[in-house]
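# Structural characterization, general
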Amino acid sequence: MLIWPGREGASDRSIIQVHNKVICQMEAAVEFENVHNYFEHLVFNQVRKQLQDVSQDFCEDVACVALNSLPPRYVRQSVDLLFYMSIEESKEMEGRVEAAVTQAIEYVSTRMRDREGI
């Protein structure tokens, strides 16, 4: 695959070529703000569900540990993934998230206790 700035003075465009065939022309200022890891939303909601009256730092640590234990599922829009998932896949995903958050809570709690010498 070759990617190079636009030809013939069109420096604000890039051309993507595979096997000598142009497959895509991209604007140089393409934004990717719609791309995100689908698990983030699920993990954040599960952290809020399982944890109340704890510090922001603790919740963020738990979310990071849980997200790092799950495979990334990048989507452009959440509806894209939901459209292609069956109900069983959706339930399995939710179960994995719940388990990941529960394990992350235990992990972060243990690390905090070890750090504090309790």
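Each residue is numbered by its place in its chain's sequence as written, counting from 1. Totals for whole chains, interfaces and linings use every residue, but because this is a predicted model, local features are given only for residues with pLDDT of at least 70 and side-chain atom pairs only at 80 or more, for both listing and counting. Processing note: side-chain calculations cover all non-hydrogen atoms of the structure and skip hydrogens and water entirely.

### Comments concerning the side chain of Asn-37
- A helix here means a DSSP run of H or I that spans at least four residues, while a strand means a run of E at least two residues long, and both kinds are numbered starting from the N terminus. Tracing the sequence through the fold places Asn-37 in strand 4 (residues 36-37).
- In protein, a polar contact requires one atom able to donate a hydrogen and another able to accept it; more generally it is a pair of N or O atoms within 3.5 Å, and residues adjacent in sequence count only if both atoms are side-chain atoms. A polar atom in the side chain of Asn-37 sits 3.2 Å from the backbone nitrogen of Arg-73.
- When checking whether two residues touch, look at their non-hydrogen atoms; a contact exists if any pair is within 4.5 Å. Ignoring any residue separated from it by four or fewer positions in sequence, one finds Asn-37 in contact with Leu-67, Pro-72, Arg-73 and Tyr-74.

### Re the packing of helix 2 (residues 56-69) against helix 4 (residues 87-116)
- Between helix 2 and helix 4, whose axes approach to 8 Å, the crossing angle comes to 125 degrees. Viewed along their axes, helix 2 and helix 4 adopt a mutual orientation that is oblique. Pair helix 2 / helix 4 crosses with right-handed handedness. Only Ala-100, Val-101, Ala-104, Ile-105, Tyr-107, Val-108, Ser-109 and Met-112 of helix 4 make contact with helix 2, whose side of the interface consists of Phe-58, Asp-61, Val-62, Val-65, Ala-66 and Ser-69.
- By the convention adopted, Pro, Cys, Tyr, Trp, Phe, Met, Ile, Leu, Val and Ala count as nonpolar, Lys, Arg, Asp and Glu as charged, and the other residues, Gly among them, as polar. Here the residues of the contact of helix 2 with helix 4 are counted per class, giving eleven nonpolar, two polar and one charged. Inter-axis angles, ranging from 0 to 180 degrees, are taken between N-to-C directions of lines fitted to C-alpha atoms, where helices are fitted over the stretch in contact. With respect to orientation, any angle under 35 degrees is reported as roughly parallel, any angle over 145 as roughly antiparallel, any angle of 65 to 115 as roughly perpendicular, and every other angle as oblique. In this scheme, a crossing is called left-handed if the near helix is turned counterclockwise away from the far one by less than a right angle; it is called right-handed if the turn is clockwise.

### Side note on a nonpolar patch on the surface
- Together, Val-30, Phe-32, Val-35 and Tyr-74 give the surface a local cluster of nonpolar side chains, amounting to about 410 Å² of exposed area.
- Among the structural elements, Phe-32 can be located in the loop between strand 3 (21-27) and strand 4.
- We call a residue buried when its accessible area falls under 20% of the maximum for its residue type, exposed when it is over 50%, and partly exposed in between, using a 1.4 Å probe and counting protein chains only. By relative accessible area, which is 55% here, Phe-32 ends up exposed. The patches reported here contain residues having more than 30% relative accessible area and no salt bridge. Joining distances are 9 Å for like charges and 5 Å for nonpolar side chains (Val, Leu, Ile, Met, Phe, Trp, Tyr). Computed with the Shrake-Rupley method and a 1.4 Å probe, the accessible areas treat only the protein chains shown as cover for residues. Salt bridges are defined as contacts in which a side-chain nitrogen from Lys or Arg sits within 4 Å of a carboxyl oxygen from Asp or Glu.

### Description of helix 2
- Take the number of residues in a helix, subtract one, and multiply by 1.5 Å to get its expected span. Its 14 residues give helix 2 an end-to-end C-alpha distance of 20 Å, which sits within 8% of 20 Å, the value for a rise of 1.5 Å per residue.
- Restricting attention to buried positions, one finds in helix 2 the residues Phe-58, Cys-59, Val-62, Ala-63, Ala-66 and Leu-67. Seen from one end, helix 2 has its buried residues packed into an arc of 160 degrees, which puts them on one side. Exposed side chains of helix 2 directed beyond 90 degrees from the buried face belong to Asp-57 and Asn-68.
- In the core, the buried residues of helix 2 are packed alongside strand 4, helix 1 (38-50) and helix 4. By arc we mean the arc of the directions from the helix axis to the C-beta atoms, nothing more.

### Some details on the nonpolar core
- Nonpolar cores are built from buried Ala, Val, Leu, Ile, Met, Phe, Trp, Tyr and Cys residues. Side-chain atoms within 4.5 Å join them into one set. Among the nonpolar cores identified, the biggest contains 23 residues, and Val-43, Val-47, Val-62 and Val-101 are the most heavily contacted of them.
- When contributions to this core are tallied by element, the ones reaching two or more residues are helix 1, helix 2 and helix 4.
- Of the residues forming this core, the biggest block, seven residues, is contributed by helix 4.

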